[in-house]
Amino acid sequence: MLKQRVITALVLLAILLPALFYTTAIPFAVLAVVLISAAAWEWARLNGYGTVASLGTGLACVVLCVMSWYLGMLEQLLPLLWRLAGAAWVLAGAWLLRGGVAGWPRIPRVVRLVVGVLALWLAWLAVAQARFIGIEFLLSLLLLVWVADIGAYFAGKGLGGRFSKGKLAPAISPGKSWEGVWGGMVGVLVLCIAWVSLDSTGNSFYARLAAQYGLPLTLLAMIFLAAFSVVGDLVESLVKRSAGAKDSSGLLPGHGGVLDRVDALVPVLPLALMLVTA
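Residues numbered from 1 in each chain as written. Predicted model: local features only at pLDDT ≥ 70, side-chain atom pairs only at ≥ 80, totals over all residues. Heavy atoms only, no water.

**A word on the overall build of the chain**
Then comes step 1: Across its full length, the chain carries eleven helices and two strands.
Then comes step 2: Mapped in sequence order, the helices and strands of the chain form the string α-α-α-α-α-α-β-β-α-α-α-α-α.
Then comes step 3: The C-alpha atoms of the chain give 18 Å as radius of gyration, which agrees with the globular expectation for 278 residues (19 Å, within 12%).
Then comes step 4: Principal-axis analysis of the C-alpha atoms gives the chain an extent of 50 × 50 × 40 Å.
Then comes step 5: For the chain, the proportion of its 278 residues judged to be buried stands at 49%.
Then comes step 6: Across the chain, the fraction of contacts at a sequence separation of at least 24, relative to all contacts at a separation of at least 6, is 76%.
Then comes step 7: For the chain, the computed accessible surface area is about 13,600 Å², with 72% contributed by carbon and sulfur atoms.
Then comes step 8: Considering the chain, the positive charge centre built from 19 side chains and the negative charge centre built from 11 side chains are found 9 Å apart. (Helix = DSSP H or I, 4+ residues; strand = E, 2+ residues; numbered from the N terminus. Rg over C-alpha atoms; globule rule 2.2 N^0.38 Å. Buried < 20%, exposed > 50% of the residue type's maximum accessible area, 1.4 Å probe, protein only. Contact = heavy atoms within 4.5 Å. Areas by Shrake-Rupley, 256 points an atom, 1.4 Å probe, with all protein chains shown as cover. Lys, Arg positive; Asp, Glu negative; His and termini not counted. Charge placed at Lys NZ, Arg CZ, Asp CG, Glu CD.)

Here it is, written out as structure tokens:
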């Protein structure tokens, strides 16, 4: 299993890094379309749709991405869209987690499908727009989520249960602890302070926020985004538990599916664009 995970990770890096650092944003945006359409296919399957409908869902996501690209949305600020997306994530995230696994099947299946595809499209639009803004801007955003995940993992492993009486969401994801959440937040705060201190270009997500709002509010924004990386993870866990699935698919051997790798990014990317374009 470990060898399989390493091989898959190396293959993904061999594809991702050249696209990310290419002289234009086009290869990365195209690669992101492929990945997000695969995630849409997984989403349909997790919600009980068959092969044809799931493939159609992936194609529909491709069409949404290509049409928004054709309309020039990747190079527009779109503050209203990001505010609506951010508000939707705050309200829907809280509502879904409150309803838990039992509440998910009560939502009409077609509503679940459409909302999921829209959320994935917005995540693609945000990540592609971030690459058009600049490589450093996008990397700082991706690292925010990765550091939150790594900090949560090590804090949860080393300190889970020592300071809190209960798990974070035992009915949704029994392994997650409050200490993991706090560890992820601390990691993101350290990353932000270090990047702002060392950033000589002002092109990173953190430097832009600090210039716009000041460092104290920027640190509050980091806590907010780290929290929503957890929300994204929990929402996907809720859907998988409702479907009786361990992974979103087997597309990435040793790593599960695409949704398993991007679940935390799906809410964080639109929320980050909301903050920086406000």
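Structure's up, so let's keep going.
**Describing the packing of helix α6 (residues 135-159) against helix α8 (residues 205-213)**
Then comes step 1: Contact geometry of α6 with α8 gives a least axis separation of 7 Å together with a crossing angle of 95°. When the axes of α6 and α8 are compared, the pair comes out roughly perpendicular. Contacts between α6 and α8 involve F137, S140, L141, L143 and L144 on the former and, on the latter, F205, Y206 and R208.
Then comes step 2: Looking at the contact of α6 with α8, its residues break down into six nonpolar, one polar and one charged. (Axes fitted to C-alpha atoms, helices over the stretch in contact; angles between N-to-C directions. Parallel < 35°, antiparallel > 145°, perpendicular 65-115°, else oblique. Nonpolar A, V, L, I, M, F, W, Y, C, P; charged D, E, K, R; others polar.)

**Considering the pairing of strand β2 (residues 173-177)**
Then comes step 1: Note that strand β1 (residues 167-169) and β2 share two bridges and pair antiparallel. Counterpart to K167 in the pairing with β2 is S177.
Then comes step 2: In textbook terms, the turn of a hairpin is the stretch between consecutive antiparallel strands, and for β1 and β2 this stretch comprises three residues. (Pairing = 2+ DSSP bridges.)

**A word on the packing of aromatic side chains**
Then comes step 1: Evaluated as defined, the whole model comprises seven aromatic pairs.
Then comes step 2: Taking the centre distance of 5.2 Å and the plane angle of 85° together, the rings of Y153 and F154 count as edge-to-face.
Then comes step 3: Taken together, the ring pairs in this structure connect F137, W195, F205 and Y206 into an aromatic cluster. (Phe/Tyr/Trp six-rings, centres within 6.5 Å; stacked < 30°, edge-to-face > 60°.)

**Some remarks on helix α2 (residues 26-46)**
Then comes step 1: Under the 1.5 Å per step criterion, the end-to-end length of α2 is 30 Å for 21 residues, consistent within 8% with the ideal 30 Å.
Then comes step 2: Taken from the residues just after α2, G48 is the one with a positive phi, measuring 90°. (Expected span 1.5 Å × (residues − 1).)

**A look at unusual backbone geometry**
Then comes step 1: The backbone phi angle of L78 is positive, close to 55°, even though this residue is not glycine.
Then comes step 2: For L78, the position within the fold is in the loop between α3 (51-70) and α4 (79-103).
Then comes step 3: Classification of L78 by relative accessible area gives buried; the value is 16%.

**Topic: the environment of F21**
Then comes step 1: Mapped onto the elements, F21 comes out in the loop between α1 (2-20) and α2.
Then comes step 2: For F21 and I135, which are 114 residues apart along the polypeptide, the C-alpha to C-alpha distance reads 7.0 Å.

**Examining the packing of α4 against helix α5 (residues 109-133)**
Relative placement of two packed helices is described by the angle separating their axes and the distance separating the axes.
Then comes step 1: Contact pair α4 / α5: the axes reach a minimum separation of 12 Å and the direction vectors enclose 130°. Relative to α5, the element α4 lies oblique. The chirality of how α4 crosses α5 is left-handed. Here L81, W82, A85 and W89 of α4 come into contact with α5, specifically with A119, L122, L125, A126 and Q129. (Left-handed = near helix turned anticlockwise from the far one by under 90°.)

**Focus on a nonpolar patch on the surface**
Then comes step 1: Residues L64, V110, V111, V114, V115 and L118 make up a contiguous nonpolar surface patch of about 450 Å² in total accessible area.
Then comes step 2: Among the elements that take part in the nonpolar patch, α5 stands out by supplying five residues, more than any other.
Then comes step 3: Along the polypeptide, L64 turns up in helix α3. (Patch = residues over 30% accessible without salt bridge, like charges linked within 9 Å, V, L, I, M, F, W, Y side chains within 5 Å. Salt bridge = Lys/Arg side-chain N within 4 Å of Asp/Glu carboxyl O.)

**So, the nonpolar core**
Then comes step 1: Membership of the largest hydrophobic core comes to 84 residues, with the highest contact counts inside it found for W82, L120, W124, L144, F205, M222 and L225.
Then comes step 2: Considering every element that reaches this core, the biggest residue donor is α5, with 13 residues.
Then comes step 3: When near neighbours in sequence (up to four residues on either side) are disregarded, M222 contacts L144, V188, L189, C192, F205, Y206 and L209. (Core = buried A, V, L, I, M, F, W, Y, C linked by side-chain atoms within 4.5 Å.)

**Examining the side chain of S248**
Then comes step 1: As for its position among the elements, S248 is in the loop between α9 (215-243) and α10 (258-262).
Then comes step 2: A polar side-chain atom of S248 sits 3.1 Å from a polar atom in the side chain of E42. (Polar contact = N/O pair within 3.5 Å; in protein donor to acceptor, adjacent residues only side chain to side chain.)

**Brief notes about α3**
Then comes step 1: For α3, with 20 residues, the first-to-last C-alpha span of 29 Å sits near the 28 Å given by 1.5 Å per residue.
Then comes step 2: In this structure, the buried residues of α3 make contact with α2 and α5.
Then comes step 3: One or two positions beyond α3, positive phi appears at G72, with a value near 80°.

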